[in-house]
Amino acid sequence: MRKVIDFLRKQREQLNYSQDYVAHQLGVSSSSVSRWETGQSEPLMSKLKQYSKLLGLKDTDLYAILASEENSTPFPIAELRLSIFTKEAYTVIMKAIAEQGLAVSVESKCLNKWT
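Residues numbered from 1 in each chain as written. Predicted model: local features only at pLDDT ≥ 70, side-chain atom pairs only at ≥ 80, totals over all residues. Heavy atoms only, no water.

## Describing the overall build of the protein chain
Which entries qualify depends on this criterion: Helix and strand definitions here come from DSSP, where helices need a minimum of 4 consecutive H or I residues and strands a minimum of 2 consecutive E residues; each element is numbered from the N-terminal end. Between buried and exposed lies partly exposed: a residue is buried under 20% and exposed over 50% of the maximum accessible area for its type, with that area taken using a 1.4 Å probe on protein chains only. By definition in these notes, contact holds between two residues if any of their heavy atoms fall within 4.5 Å. Accessible surface area values rest on a Shrake-Rupley calculation with a 1.4 Å probe, where residue burial reflects the displayed protein chains alone.
The helix and strand inventory of the protein chain stands at seven helices and zero strands. Beginning at the N terminus, the succession of helices and strands in the protein chain can be written as α-α-α-α-α-α-α. For the protein chain, buried positions account for 22% of its 115 residues. Contacts in the protein chain between residues at least 24 apart in sequence constitute 54% of all its contacts with a sequence separation of at least 6. With an accessible surface of roughly 8200 Å², the protein chain has 52% of that area assigned to carbon and sulfur atoms.

## Observations regarding the environment of Val4
Tracing the backbone through its elements, the reader meets Val4 in helix H1 (residues 2-14). Considered as a pair, Val4 and Tyr63 are 59 residues apart in the sequence and their alpha carbons are 9.3 Å apart.

## Points about H1
The condition that has to hold: To estimate how far a helix should reach, multiply one less than its number of residues by 1.5 Å. Taken from the helix axis, the directions to the C-beta atoms give the arc we talk about.
Relative to the 18 Å expected for 13 residues at 1.5 Å per residue, H1 spans 18 Å between its end C-alpha atoms, a close match to the ideal helical length. Residues of H1 that are buried include every one of Val4, Ile5, Leu8, Gln11 and Arg12, and no others. Along H1, the residues classed as buried sweep out an arc of 125° about the axis, all on the same side. Of the surrounding elements, those touching the buried residues of H1 are helix H2 (19-26), helix H3 (30-38), helix H4 (45-54) and helix H5 (59-67). Within two residues after H1, Asn16 carries a phi angle of roughly 60°, on the positive side.

## Observations concerning the nonpolar core
Going by this rule: Nonpolar cores are built from buried Ala, Val, Leu, Ile, Met, Phe, Trp, Tyr and Cys residues. Side-chain atoms within 4.5 Å join them into one set.
Counting residues in each nonpolar core, the largest one holds 14 residues, and the members touching the most others are Val4, Leu8, Val33, Trp36, Leu48 and Tyr51. Those elements that provide at least two residues to this core are H1, H2, H3, H4 and H5. Every residue in contact with Val33, bar those within four places of it in the chain, is listed here: Gln19, Val22, Ala23, Val28 and Tyr51.

## Here we look at unusual backbone geometry
The residue Asn16 is not glycine, and still its phi comes out positive at about 60°. With respect to the helices and strands, Asn16 occurs in the loop between H1 and H2. According to the relative accessible area criterion, Asn16 is exposed, its value standing at 69%.

Take a look at the structure:
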């Protein structure tokens, strides 16, 4: 949890958001935000999600950081393999992925024909 809170604190500071502003937006006291950031307490997962959303992060970003607590850098929380047989299907799937703001790497035997 420490890694997540440190990341959120740095994001908050980059956005020039005060602890008071964050607290007001989350419906908690500024001392709660301070205790989270100093490690004296941990927020509920619901507040953690609200905090990350306030800072412009997606739930997937938050989960990736949580999943990588033991590692120095976040890693993907899932790997998905698809068999796509038409250009139309490829286009629809890539659009859906882009709309979610997800990072994707593609390995394809047919990609050159479709892009």
